[in-house]
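A structural walkthrough
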Amino acid sequence: MVTTHNLGFPRIGAKRELKFALEAYWKGQSTLDAVKQLGHELRQRHWALQAGLDLAPVGDFAFYDQVLDMSFTLGNLPARVQGFHGDELDNYFRVARGRSAQSAEAHAQCCGGVAAGEMTKWFDTNYHYIVPEFTAATRFKLDASRLLQQLAEARAQQVKAKPVIIGPVTYLAIGKSKDDTSQLALLPQLLQVYTELLETLAAQGVEWVQIDEPILVTELDADWQHAFNLAYHQLKSCRVKLLVATYFGQLADNQYLAANLPVAGLHVDAINARSEIVPLLGMLPAHKVLSVGVINGRNIWKTDLNATLDWLEPIAERLGERLWLAPSCSLLHVPVDLDSEQALDLEIRSWLAFATQKLDELQILATALTQGRAAVKDQLASNHTAIATRRSSQRVHKPQVKAALEKLTPQLGQRQNAYAVRASKQAALLKLPKYPTTTIGSFPQTADIRHARSEFKAGRLDAAGYQAAMQAEIARSIQEQEALGLDVLVHGEAERNDMVEYFGEQLDGYAFSQFGWVQSYGSRCVKPPILFGDISRPRAMTVDWIKYAQSLTSKPMKGMLTGPVTILNWSFVRDDQPRSVSCYQLALAIRQEVLDLEQAGINVIQIDEAALREGLPLRKAQWQSYLDWAVESFRITANGVADETQIHTHMCYSEFNDIIESIAAMDADVITIETSRSDMELLDAFKTFDYPNEIGPGVYDIHSPNIPDQADMVKLMQLAAERVPAERLWVNPDCGLKTRQWAEVLPALRNMVAAAKTLRANA
Ligand SMILES: CN1c2c(nc(N)[nH]c2=O)NC[C@@H]1CNc1ccc(C(=O)N[C@@H](CCC(=O)N[C@@H](CCC(=O)N[C@@H](CCC(=O)O)C(=O)O)C(=O)O)C(=O)O)cc1
Ligand SMILES: N[C@@H](CCS)C(=O)O
Ligand SMILES: [Zn+2]
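These notes cover the structure that comes with them. In this text, all values refer to a predicted model and were calculated from it rather than measured experimentally.

**Some remarks on the coordination of the zinc ion (ligand 3)**
Ideal geometry at a metal gives 109.5 degrees between four tetrahedral donors and either 90 or 180 degrees between six octahedral ones. The zinc ion (ligand 3) binds to the protein through His650 (NE2), Cys652 (SG) and Cys735 (SG); the donor distances cover 2.1 to 2.4 Å. Coordination at the zinc ion (ligand 3) is tetrahedral, judged from the four donor atoms that bind it and the angles of 93 to 121 degrees they form at the metal. Mapping the donors of the zinc ion (ligand 3) onto the primary sequence gives the spacing H-x1-C-x82-C. With Cys652 in the loop between β19 (646-651) and α25 (660-666) and Cys735 in the loop between α27 (710-721) and α28 (742-762), this residue pair connects regions lying 83 residues apart in the sequence.

**A closer look at the state of the cysteines**
Counting across every chain of the model gives zero disulfides. Of all cysteine sulfurs in the structure, the one in Cys652 sits closest to Cys583, which takes part in no disulfide; the separation is 17 Å.

**Regarding the site of ligand 1**
Among the 24 residues in the neighbourhood of ligand 1, the closest are listed as Lys19, Arg450, Arg453, Asp498 and Lys738. Contact distances for ligand 1 include 2.7 Å between an oxygen atom and a side-chain N or O atom of Ser454. Its free accessible area being 1000 Å², ligand 1 has 81% of it covered by the protein chains. Breaking the shell around ligand 1 down by element, the ones donating at least two residues are α1 (17-26), α18 (447-457), β14 (518-521) and β15 (524-526). When residues in the shell around ligand 1 are grouped by element, the largest group, four residues, is from α18.

**Let's talk about the pairing of strand β16 (residues 530-536)**
With six of seven residues buried, β16 lies mostly within the body of the structure. The pairing of strand β13 (residues 508-511) with β16 spans three bridges and is antiparallel. Each bridged residue has a counterpart across the sheet, and for Asp508 the counterpart in β16 is Ser536.

**Quick look at the nonpolar core**
Counting 117 residues, the largest nonpolar core has Tyr232, Leu290, Val292, Val294 and Leu325 as its most contacted members. Element by element, the count of residues in this core is highest for helix α8 (residues 187-203), at nine residues. Beyond its immediate sequence surroundings of up to four residues, Tyr232 is in contact with Gly167, Pro168, Ile211, Glu213, Leu242, Val244, Leu261, Pro262 and Val263. Formed by 103 residues, the second largest nonpolar core is a distinct cluster that contains Val565, Ala587, Val724 and Ala756.

**Quick look at the pattern of salt bridges**
Opposite charge on two side chains permits them to pair, given that their charged atoms come into close proximity. In total, this model carries 37 salt bridges according to the counting rule given. Across the salt bridge formed by Lys176 and Glu118, the nearest N and O atoms sit 2.9 Å from each other. Linking Lys176 in strand β7 (residues 176-177) with Glu118 in the loop between α5 (101-104) and β3 (119-121), this pair joins segments that are 58 residues apart in sequence. Among the ionic pairs, Arg373 bridges to Asp310, the shortest N-O distance being 2.6 Å.

**Brief notes about the sheet that holds strand β10 (residues 265-269)**
Across the sheet, which stays open at both edges, the eight strands sit in the order β1-β12-β11-β10-β9-β8-β6-β2 with parallel pairing between neighbours. Every interior strand has two partners, whereas the edge strands, β1 (3-4) and β2 (56-58), have only one. Here three bridges tie strand β9 (residues 241-245) to β10, and the two strands are oriented parallel to one another. Bridge pairing links Ala245 to His267 in β10. The sheet strands contacting helix α11 (residues 274-283) are β10 and β11 (289-295), and the helix crosses β11 at an angle near 160 degrees.

What counts and how
Within each chain, residues carry numbers counting from 1 in the order of the written sequence. Each chain takes a letter, starting from A, and each ligand takes a number, starting from 1, following the order in which they are written. Under the rules for a predicted model, residues below a pLDDT of 70 receive no local features and side-chain atom pairs below 80 are neither given nor counted, while totals for whole chains, interfaces and linings still include all residues. Each side-chain value is worked out from all heavy atoms of the structure, with water and hydrogens disregarded. For Na, K and Ca the donor cut-off is 3.2 Å, while for other metals it is 2.8 Å, and in both cases only N, O and S atoms qualify; water is not among them, so sites may look incomplete. In these descriptions, tetrahedral denotes four donors with every angle between 85 and 135 degrees, square planar four donors and octahedral six donors with opposite donors over 155 degrees apart and the rest between 65 and 115, and irregular any other case. Helix and strand assignments follow DSSP, with helices taken as H or I runs no shorter than four residues and strands as E runs no shorter than two, numbered in order from the N terminus. The disulfide definition used here is simple: a pair of cysteine sulfur atoms within 2.5 Å. Being near a molecule or strand, for a residue, comes down to having at least one heavy atom within 4 Å of it. Counted as a polar contact is a pair of N or O atoms within 3.5 Å, where, for protein atoms, one must be capable of donating a hydrogen and the other of accepting one, and residues adjacent in sequence contribute only when both atoms are in side chains. Only the protein chains shown count as cover for residues, and the accessible areas themselves come from Shrake-Rupley with a 1.4 Å probe. A 1.4 Å probe rolled over the protein chains alone gives each residue an accessible area, and that area as a share of the maximum for its type sets the label: buried under 20%, exposed over 50%, partly exposed in between. If DSSP finds at least two bridges between two strands, the strands pair. Here, the term nonpolar core denotes a set of buried Ala, Val, Leu, Ile, Met, Phe, Trp, Tyr and Cys residues that are joined through side-chain atoms within 4.5 Å. In this analysis, two residues are considered to be in contact whenever any of their non-hydrogen atoms come within 4.5 Å of each other. Salt bridges are identified by distance alone: a Lys or Arg side-chain nitrogen within 4 Å of an Asp or Glu carboxyl oxygen. In this description, a line fitted to the C-alpha atoms serves as the axis of each element, helices being fitted only across the stretch in contact, and the angle between N-to-C directions of two axes falls anywhere from 0 to 180 degrees.

Here it is as structure tokens:
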């Protein structure tokens with residue numbers, strides 16, 4: 001007997017139903033009741049899809065974010081939102097999204113405006129959570145209502161329910177202290193609330209609770225390791241069985257700690273930490289369940305079921321009933337259902353599995369282990385065929401691409417001259433003022449733009465009509481930029497559905513789905529393209545749009561590309577070769593685009609590497625080898641141009657202290673970064689290291705609807721000038737403006753350009 005279970009299911013809906021319901025409500029076009037009703041229906045639908053499992057997750061559904069849900073469960077709300085009136089779900093959205101100054105007016109007498117909670121990435125995924133905030137005044141207070149309500153719903157549906165919560169140590173570790181309070185100082189009072197929560201669940205007759213502690217796959221110092229022992233020794237008195245779930249990586253130094261926590265079971269990611277499973281068998285106390293995460297919850301490939309069984313059968317033999325099987329992590333990170341993909345190439349589709357299919361795979365493995373492989377002979381045979389065709393497919397393996405990679409030399413990543421020489425040639429060509437102004441690339445992706453694209457994709461708008469609509473948007477954005485007086489213009493990225501998917505759609509070796517949406521944050525989703533084969537660029541991808549944009553202005557037009565590391569990190573990538581190899585292939589393809597843009601007379605080219613920093617491995621010990629190939633890939637992409645061509649790069653998650661040497665090694669002429677919320681303190685790294693090239697530290701936060709004040713931006717730039725010589729500073733927002741509205745963007749940029757003029761006048 002093997003127990004099958006799931007750690008979490010995607011909640012956005014196969015057709016992004018939750019996204020549309022939330023956005024309609026936020027726009028005032030629907031009711032809170034409609035949102036709640038949809039939540040109920042989605043949970044029912046998703047439990048029905050998991051009906052074959054021995055245990056299904058309850059509490060993995062969130063209207064915005066599972067970490068924010070946990071903050072509500074623990075009563076840990078920032079002081080600024082306490083005392084809000086109205087429905088709790090409204091308050092929840094308010095913490096998540098803030099309340100802008102404009103809409104705050106209606107609440108001026110009661111609760112006013114409020115800043116949104118800070119968002120950051122969930123471990124090494126492209127999912128972003130609302131960061132729990134802690135202060136010395138933090139007091140936790142249990143609110144189990146959400147979990148109890150979902151538990152009741154699940155039971156009404158005869159679901160074999162396993163509540164899922166975030167564990168206390170991870171909850172503290174992923175939060176942020178807003179004063180000098182140490183997070184660990186809050187552990188004793190936090191544990192009281194966890195005890196109460198677990199007892200409440202026990203009183204409802206819950207047998208198992210999944211308690212997620214992914215922080216165990218990171219490097220933990222002695223205090224944090226001690227916190228684990230403290231926490232679970234206290235929680236062991238609770239009358240539920242705890243399954244501590246770890247995922248996204250290896251336990252490494254924390255293996256012994258994890259194996260010996262006084263709980264009933266441990267879940268381990270057998271995709272990323274396969275080599276740890278057998279040693280764990282010897283380490284695990286005899287009463288403990290081992291949940292083995294054998295299906296990859298982070299990619300979309302079919303599992304090699306036969307190979308998995310070869311490995312798993314001896315383990316099952318040793319563990320007997322103590323073996324549980326699951327995906328490696330929550331399925332939040334993969335799309336819902338491959339069956340929706342009727343337009344996908346049939347052969348490629350035969351290689352794939354989305355969340356629903358991954359649960360089928362789990363079932364096949366469990367049946368094979370309990371009844372023998374013969375019981376699932378046909379399924380195993382068809383799985384074998386799919387794996388074998390993918391392995392040997394000529395669509396995957398392209399000798400020319402492999403040959404090009406073998407010819408890579410360090411010279412390819414080397415600019416002709418050092419920055420100082422390039423900078424004077426670029427200055428002579430571009431004739432920019434001091435404190436030049438620019439933006440990061442995208443302008444608002446309006447409903448009209450999205451609508452035109454969806455009409456085009458549905459065949460209701462022809463290519464010429466679509467091109468004309470996008471050109472009109474480009475022309476509008478150029479007119480606006482000229483009127484604003486910006487110095488280096490952008491075309492606005494109207495034609496791009498997404499900064500990664502757009503390139504995936506045009507490169508050979510990529511497939512893309514119609515409905516393969518994955519939640520990125522709140523209601524926002526991305527549709528990661530599928531990198532399945534050796535990569536090449538059949539034709540130029542951006543040149544016509546940028547040439548058109550340049551034809552409308554005499555100001556320099558910045559060509560806009562996404563870099564290889566970001567394309568890699570935000571795609572579903574191959575699992576049959578190292579990530580570095582796919583990255584070098586992407587680098588060669590984007591390099592051709594850079595050279596074509598230069599050939600077309602574009603003198604400034606930005607290569608976004610928003611995901612370079614966030615792609616760092618979870619363990620610092622693995623950082624350098626990643627940085628080596630990531631930086632080299634960028635250099636190959638960028639550095640084939642003449643001295644006069646100015647290369648920009650952009651990164652929005654800009655904690656650079658630890659990696660500043662690698663950032664400098666990229667050797668971009670200009671780097672634009674997100675800094676405004678840190679009062680330019682993030683620039684300290686650039687000062688300490690004496691970063692040699694130009695920097696555009698973001699002067700306003702594009703995530704906020706608030707219009708930045710001119711004087712504040714001047715102050716920020718003055719702080720920047722204390723850290724970086726003024727002649728190497730640019731003035732720009734933190735990131736692209738695609739999620740904003742024109743009514744916000746225009747006054748914000750007007751103030752920004754005015755700030756630059758003040759700085760010039762004072763220089
Ligand atoms: C910078 N960020 C990005 C990350 N990852 C990426 N791959 N891309 C990024 O930009 N990770 C970190 C951050 C995360 N931030 C964001 C910010 C914004 C979004 C976002 O806005 N996503 C959109 C979806 C974008 C998209 O691809 N849209 C398509 C489809 C448009 C659509 O929904 N059409 C409707 C019909 C519309 C109509 O007919 O009127 C439909 O198909 O039903 C497109 O533009 O063509 C979102 O809406 O969630 C994501 C991450
Ligand atoms: N050029 C992109 C970068 C986002 S990180 C944009 O402006 O949206
Ligand atoms: Zn950005």
